[in-house]
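Chains, contacts and geometry: an overview
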2 protein chains.
Amino acid sequence: MTEPADDPGERISEAEHAVMEALWEQSPLTATEVSDKVAEERGWSLATVKTLLSRLVAKKAVSTEPDGRRFLYSPTIERTDYVGSESRRLVDRLFGGRAAPLLVHLVEAEALSDEDIDEIERLIRELKQ
Amino acid sequence: MTEPADDPGERISEAEHAVMEALWEQSPLTATEVSDKVAEERGWSLATVKTLLSRLVAKKAVSTEPDGRRFLYSPTIERTDYVGSESRRLVDRLFGGRAAPLLVHLVEAEALSDEDIDEIERLIRELKQ
DNA sequence: ATGCAACGACTACACTCGTAAACTGAATTG
DNA sequence: CAATTCAGTTTACGAGTGTAGTCGTTGCAT
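Since the model is a prediction, treat every value here as computed from it, not as a measurement.

1. Notes on the relation of the copies chain A and chain B
Under the fitted operation, chain A is carried onto chain B by 0.0 Å of movement along the axis and a turn of 180 degrees, and the coordinates agree to an RMSD of 0.1 Å. Given the turn and translation reported, the copies of this chain are related as if by a two-fold rotation axis. Minimal C-alpha distance to the rotation axis in chain A is attained by Glu-121 of chain A, lying at 3.6 Å. Both copies share a contact surface, since 100% of the interface residues of chain A are interface residues in chain B too.

Below, the structure is given as C-alpha cells:
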C-alpha cells in the first residue's frame with residue numbers, strides 16, 4: 001500500500017483497466033507500444049487505445065512525458081493501490097465490509113484450488129506467528 | 001451455488017444491486033416497499049426505485065407477480081450466485097483467477113480483522129478435516 | 001523541399017447508468 | 001359520478017463507456 005495517493009481520482013473503467021495492466025507490466029510506453037500489448041487480445045484499434053490513454057491521463061491515472069514528437073505514458077497510481085481499492089469495494093458491497101465471508105464464499109463455491117488452500121494456510125500460520 | 005441460472009442476463013449495475021439486496025432480504029415486495037427499504041439511505045425518490053425495478057425486470061433479474069392493481073417483485077437470481085459471479089469477476093480481473101493472491105493482498109493490506117483471521121483459520125482447518 | 005507516415009487532439013455516436021418527472025389508466029373516496 | 005390518488009409505463013437528460021474516425025501538425029525519407 002502506498003501513501004496518500006493524493007488523487008483518489010475518478011474511477012477507472014474496465015477497458016481502461018486493461019490499458020493500466022499493460023503499463024503496470026512495463027512503463028513508460030508509447031501509445032503504439034501499449035496498443036501492441038493490448039489491442040490484439042481485446043480486438044481494439046490503435047485509435048481506441050489512444051482514446052483510453054487520453055481518458056486515463058484526464059483522470060490522472062497515467063502521466064505523460066514528452067519524448068520528441070510523442071509521449072511516453074506511465075501509471076501514476078500503483079497496481080497495489082488499485083487492486084486494494086477494488087477489492088475493498090467488492091468486500092464492502094457484497095460482504096458488509098468483512099473479508100472472512102468472502103473467503104467463506106470462495107470456499108463454498110469451491111473456487112479455491114488445493115494450492116490456494118495450502119497457501120492460505122501458510123499465510124494464516126504466518127499471521128499468528 | 002444453484003443450477004444453470006439459465007439466464008446469465010445482463011450485468012446488474014450498482015444502483016440496481018441496492019434494490020436486489022432489498023429483495024434478497026425479503027420478497028416479494030411492492031415497489032413502494034422496496035422504496036421504503038432503500039430510498040432513504042440512498043437518497044432516492046420513489047420514481048428512481050421504480051425505474052431500477054423496471055430495468056431489473058427487463059434484465060430478468062427480478063420477476064413480477066400481479067397483485068390487484070400492482071405488482072409484487074421477487075428476485076429471480078440468488079444472492080449466492082450473484083456474489084459468486086461478482087467475486088469471480090474480480091478475482092479473474094485482478095488476480096489472474098487465483099483466489100490465494102486475493103487473500104495475500106487482503107492480509108498485506110491489513111484488511112483482515114482478528115476475527116476474520118480466526119474465522120479463516122477455522123475454515124481452512126475444516127477444509128483439511 | 002515535398003509528400004507521406006506517425007502522433008496527439010478533437011469529434012462521433014450508440015448504449016448504459018443514475019436520477020427523475022410526466023403520463024396514463026385504474027381504484028378509492030366523497 | 002367526479003376528483004384524487006396510486007401504480008406502472010414512457011420519456012428525459014447529462015455523464016460515463018466502448019469503440020472508433022477524422023484533423024492538424026511535424027519529423028523523416030527521398
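Now that the structure has been shown, we can carry on.
2. Remarks on unusual backbone geometry
Residue and element names in this part refer to chain A. Cis geometry marks the peptide bond from Ser-27 to Pro-28; its omega dihedral reads -5 degrees. For Lys-60, which is not glycine, the phi torsion reads 60 degrees and is therefore positive. As for its position among the elements, Lys-60 is in the loop between α3 (46-58) and β1 (62-67).

3. Describing the domain arrangement of chain A
What the domain assignment lists for chain A is domain 1 (14-75) and domain 2 (79-127). Computed from C-alpha atoms alone, the centre-to-centre distance between domain 1 of chain A and domain 2 of chain A is 30 Å.

4. Notes on the protein's contact with DNA strand C
The full set close to DNA strand C counts 20 residues, and Ser-13, Trp-44, Thr-51, Arg-55 and Arg-69 of chain B are the nearest of them. Counting only the atoms of DNA strand C that lie within 4 Å of the protein, the sugar and phosphate share comes to 65%. Phe-71 of chain A is positioned such that a nitrogen or oxygen atom in its backbone is 3.2 Å from a phosphate oxygen of DNA strand C. Contacts to DNA strand C include Ser-45 of chain B, whose side-chain N or O atom sits 3.3 Å from a sugar or linking oxygen. Those elements giving two or more residues to the surface near DNA strand C turn out to be α2 (31-42), α3 and β2 (70-75) of chain A together with α1 (14-25) and α3 (46-58) of chain B.

5. Things to note about the pattern of salt bridges
Enumeration according to the criterion identifies 22 salt bridges over all chains in this entry. Taking the shortest distance from any N to any O, the salt bridge between Arg-79 of chain A and Glu-21 of chain A comes out at 2.4 Å. Here Glu-21 of chain A lies in helix α1 (residues 14-25) and Arg-79 of chain A lies in helix α4 (residues 79-95), a separation of 58 residues in the sequence. The network of salt bridges with common partners includes Arg-11 and Glu-86 of chain A together with Arg-93 of chain B.

6. Examining the protein's contact with DNA strand D
Taken together, 22 residues lie near DNA strand D, and Ser-13, Trp-44, Thr-48 and Thr-51 of chain A together with Lys-50 of chain B sit nearest. When atoms of DNA strand D within 4 Å of the protein are sorted by moiety, sugar and phosphate together comprise 63%. The contact in question runs from a phosphate oxygen of DNA strand D to an N or O atom on the backbone of Gly-43 of chain A, over 3.2 Å. Secondary-structure elements contributing two or more residues to the surface near DNA strand D are α1 and α3 of chain A together with α2 (31-42), α3 and β2 (70-75) of chain B. Looking at which element gives the most residues to the surface near DNA strand D, the answer is α3 of chain A, with 5 residues.

7. Quick look at the pairing of β2 of chain A
Residues and elements named next belong to chain A. Inspection of the sheet shows β1 paired to β2 by 6 bridges, in the antiparallel sense. In the sheet register, Asp-67 faces β2, and the bridge partner there is Arg-70. From the end of β1 to the start of β2, which pair antiparallel, there are 2 residues, and Gly-68 there has a positive phi angle of about 70 degrees.

8. Quick look at the packing of α4 of chain A against helix α4 (residues 79-95) of chain B
α4 of chain B packs onto α4 of chain A with a crossing angle of 180 degrees between their chain directions and a minimal axis gap of 11 Å. Between α4 of chain A and α4 of chain B, the crossing angle belongs to the class labelled roughly antiparallel. Seen from α4 of chain A, the contacting residues are Arg-79, Tyr-82, Val-83, Glu-86, Ser-87, Leu-90, Arg-93, Leu-94 and Phe-95 of chain A; seen from α4 of chain B, they are Arg-79, Tyr-82, Val-83, Glu-86, Ser-87, Leu-90, Arg-93, Leu-94 and Phe-95 of chain B.

9. Focus: the interface of chain A and chain B
Contact with chain A, which involves 41 residues of that partner, is made by 41 residues of chain B. Between chain A and chain B the total buried area reaches about 3,700 Å² when both faces are included, carbon and sulfur atoms providing 67% of it. Its largest share of buried area at the contact with chain B, chain A owes to Arg-93, Leu-94 and Ile-124 of chain A, together 15% of the area lost on that side. Put simply, chain A and chain B have 8 salt bridges between them. The salt bridge partner of Glu-86 of chain A is Arg-93 of chain B, with a shortest N-O separation of 3.4 Å. Counting the contacts that link chain A with chain B gives 13 residue pairs in polar contact (both at pLDDT 80 or more). With 13 residues, the single largest contributor to the side of chain A that touches chain B is α4 of chain A. Considered class by class, the residues forming the side of chain A that touches chain B number 21 nonpolar, 6 polar and 14 charged.

Parameters and conventions
- Residues numbered from 1 in each chain as written.
- Chains lettered and ligands numbered in written order.
- Predicted model: local features only at pLDDT ≥ 70, side-chain atom pairs only at ≥ 80, totals over all residues.
- Heavy atoms only, no water.
- Least-squares fit on C-alpha atoms with pLDDT ≥ 70 in both.
- Contact = heavy atoms within 4.5 Å.
- Helix = DSSP H or I, 4+ residues; strand = E, 2+ residues; numbered from the N terminus.
- Domains from an automatic or database assignment.
- Near = heavy atom within 4 Å.
- Polar contact = N/O pair within 3.5 Å; in protein donor to acceptor, adjacent residues only side chain to side chain.
- Salt bridge = Lys/Arg side-chain N within 4 Å of Asp/Glu carboxyl O.
- Pairing = 2+ DSSP bridges.
- Axes fitted to C-alpha atoms, helices over the stretch in contact; angles between N-to-C directions.
- Parallel < 35°, antiparallel > 145°, perpendicular 65-115°, else oblique.
- Buried area = accessible area lost by both parts, 1.4 Å probe.
- Nonpolar A, V, L, I, M, F, W, Y, C, P; charged D, E, K, R; others polar.

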